[in-house]
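Here is what each chain is made of, one letter per residue.
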Amino acid sequence: MDIDPKQYEQIKINDKDSHNIILSYLIHGCYKETLESLVTSTGLKVTNAQLEDMEKRKRILHSALEGNALDAIHLTEQMSPDLLENNKDLLFDLLSLHFVELICSKNQTEALNFGQAKLAPFGKVQKYVGKLEDFMGLLAYVEPEKSPMFHLLSLEYRQHVVDDLNRAILGVYILFSTVLHI
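These remarks concern the structure in this document. Quantities reported herein were computed from a predicted structural model and do not represent experimental measurements. (Residues numbered from 1 in each chain as written. Predicted model: local features only at pLDDT ≥ 70, side-chain atom pairs only at ≥ 80, totals over all residues. Heavy atoms only, no water.)

### With respect to unusual backbone geometry
One non-glycine residue, Cys30, adopts positive backbone phi at about 60°. By relative accessible area, Cys30 is classed as buried at 5%. With phi around 65°, Lys106 is a residue other than glycine that occupies positive phi space. Residue position: Lys106 is located in the loop between helix H6 (88-104) and helix H7 (108-119). (Buried < 20%, exposed > 50% of the residue type's maximum accessible area, 1.4 Å probe, protein only. Helix = DSSP H or I, 4+ residues; strand = E, 2+ residues; numbered from the N terminus.)

Here it is as structure tokens:
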């Protein structure tokens, strides 16, 4: 059963709801300047704590995107000490980003040592074995970007991990629910 698009013309959306949706999007994406402009022009309220948390998240996310996964891990642990302890998948993904950076910078020995110390313990859990094999397989290639696992080196993969990290942090702070109740 298809809905006639003309029915949507009858739907009324009030300004407060649309502003809150936009506000939520801006907080999620860490768009502070645009958020401040929206708040100024609409009279919406955002707390200093929300702005500070957004700035912290932005630093964390930029660290991970720029190839500083260990910094992102450290900053995440400062902001939310239990987050990575309770989300081993995310911790594995962040550690693997650092491993990839070591591979890309041709630090194979350091990558191998890091892999053995930080990633190998995940091999005790079956769901990580395949991923571990893919990451460790990168060591076998002089040009890992030409390997079958080249996607692990991509910006898209890094962005996927960063998006997961952002969602996890937001989940801890439940920013969406506080924004919608302002």
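### Points about the packing of aromatic side chains
Counted according to the given criterion, the structure contains six aromatic pairs. Centroid distance Phe92 to Tyr128: 5.1 Å. Interplanar angle 35°. Geometry classified as tilted. Pair noted here: Phe92 is in helix H6 and Tyr128 is in helix H8 (residues 126-137), with a separation of 36 residues, a long-range link. Across the pair, Tyr128 and Phe92 agree in class, each one buried. (Phe/Tyr/Trp six-rings, centres within 6.5 Å; stacked < 30°, edge-to-face > 60°.)

### As for the nonpolar core
Note on soluble globular proteins: their nonpolar side chains tend to be buried together. One finds Leu35, Leu94, Phe135 and Leu165 to be the most contacted residues of the largest nonpolar core, which totals 45 residues. Here this core takes ten residues from H6, the largest share from any one element. For Leu35, the contacting residues outside a window of four places in its chain are Leu23, Leu26, Ile27, Val46, Leu51 and Met54. (Core = buried A, V, L, I, M, F, W, Y, C linked by side-chain atoms within 4.5 Å. Contact = heavy atoms within 4.5 Å.)

### Re the environment of His62
Here His62 shows up in helix H3 (residues 48-65). Among the residues examined, His62 registers a relative accessible area of 38% and is labelled partly exposed. Each C-alpha atom of the pair His62 and His74 lies 13 Å from the other, and the pair is twelve residues apart in sequence.

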